[in-house]
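If you want the building blocks of each chain, they are given just below.
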Amino acid sequence: MAKSSISNSVIRRLPRYYRFLKDLENNGYVRISSRELSEKMGLTASQIRQDFNCFGGFGQQGYGYKVSDLKEGIKKILGLDRLNPIILIGAGNLGCAIAAHIDFRSKGFELIGIFDADESKHGQEIGGLTIQDAAGIEKFCSENKPSAAVLCIPKTAAEKTVDRLINCGIKAFWNFTHYDLFMDHEGIAVENVHLGDSLTTLSYRINSGVNDRRI
Ligand code: NAI
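The following paragraphs examine the structure supplied in this document. (Residues numbered from 1 in each chain as written. Predicted model: local features only at pLDDT ≥ 70, side-chain atom pairs only at ≥ 80, totals over all residues. Heavy atoms only, no water.)

Now for the pairing of strand β4 (residues 84–89). Strand direction decides the pairing type here: β4 and strand β5 (residues 109–116), joined by 6 bridges, are parallel. Residue pairing for β5: Asn84 is matched across the bridge by Phe109. This β-α-β element, β4 to helix α5 (residues 93–101) to β5, shows right-handed connectivity. (Pairing = 2+ DSSP bridges. Helix = DSSP H or I, 4+ residues; strand = E, 2+ residues; numbered from the N terminus. Right-handed = clockwise from strand over helix to strand, strands pointing away.)

Given below as structure tokens:
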């Protein structure tokens, strides 16, 4: 199946498959059937087979899946076999927490620069990187060619900053601002992240009594 025709919901499940398969491999599993994987993941076996068929299968009827091959296959599909250089804009509470605690390398990225507009933060260190003046983003990008950016700035600053970053060649945004980025620009990838939406979903689950853990 062409990558462009793979549904968003299948793509959303891939990181979870990858996480489960890494755990299985670490726990000594060599093979796993779709039924066993489905029980562990709270999905149906047919859902799992359908998902993997989107990428050409990975398994042999009756033999299940070889855990390491499946894990490596999904890793490749997710692009985790290479590192995309990424910069972080906004070294406030959230930006510092992300820079310090997210393992970018295991997620296919290398954090190469942190920028903030507040002069009092320049020169401070987080996660082994020094916070730089946001005025220097253009120069840094022309020299270091990051392909992605994490946005941890106030919503009011988001639109202008995104335009600036696109002009600098940034092609992907991990957007934490509450400015919903929907790109008109061809070839720009966006992941809007709203922790609050996840909490609101939990509220729905409590109130409705529906606790479907499938994604
Ligand atoms: P904060 O005020 O601690 O940090 C914002 C930082 O951005 C400050 O250091 C400020 O100097 C810097 N900044 C402002 N304008 C800038 C610009 N044009 N260029 C570079 N740096 C600039 O705020 P906090 O709590 O870290 O939140 C950051 C953003 O993340 C906010 O938009 C907030 O609403 C959002 N947020 C989103 C969450 C989510 O789940 N999506 C969760 C928490 C916060």
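Right, let's talk about the pattern of salt bridges for a bit. The full count for this structure, using the stated rule, is 9 salt bridges. Glu39 serves as the salt-bridge partner of Arg35, at 3.1 Å between the closest nitrogen and oxygen. Of this pair, Arg35 and Glu39 both sit in helix α2 (residues 34–41), separated by 4 residues, roughly a single helical turn. Each member of the pair, Arg35 as well as Glu39, carries the same accessibility label: exposed. Across the pair Glu143 and Lys139 runs a salt bridge whose closest N-O atoms are separated by 3.1 Å. (Salt bridge = Lys/Arg side-chain N within 4 Å of Asp/Glu carboxyl O. Buried < 20%, exposed > 50% of the residue type's maximum accessible area, 1.4 Å probe, protein only.)

On the surface, Leu199, Leu202 and Ile206 cluster together to form a nonpolar patch covering roughly 330 Å² of accessible area. For Leu202, the location among the structural elements is in helix α8 (residues 195–208). (Patch = residues over 30% accessible without salt bridge, like charges linked within 9 Å, V, L, I, M, F, W, Y side chains within 5 Å. Areas by Shrake-Rupley, 256 points an atom, 1.4 Å probe, with all protein chains shown as cover.)

Right, let's get into the environment of Ile206. Looking at the secondary structure, you find Ile206 in helix α8. Here Ile206 falls in the exposed class, since its relative accessible area comes to 63%. It is 26 Å that separates the C-alpha atoms of Ile206 and Gln47, two residues lying 159 residues apart in sequence.

The pairing of β5 with strand β7 (residues 129–133) spans 3 bridges and is classified as parallel. Along β7, the bridge assignment pairs Asp116 with Asp133.

Lining the immediate surroundings of the ligand are 23 residues, of which Asp116, Lys121, Ile153, Val193 and Leu195 lie closest. Measuring from an oxygen atom of the ligand, one finds a backbone N or O atom of Leu195 at 2.7 Å. With the chains in place, 73% of the 850 Å² that the ligand exposes on its own is no longer accessible. Taken together, the elements giving at least two residues each to the shell around the ligand come down to α5 and α7 (155–167). (Near = heavy atom within 4 Å. Polar contact = N/O pair within 3.5 Å; in protein donor to acceptor, adjacent residues only side chain to side chain.)

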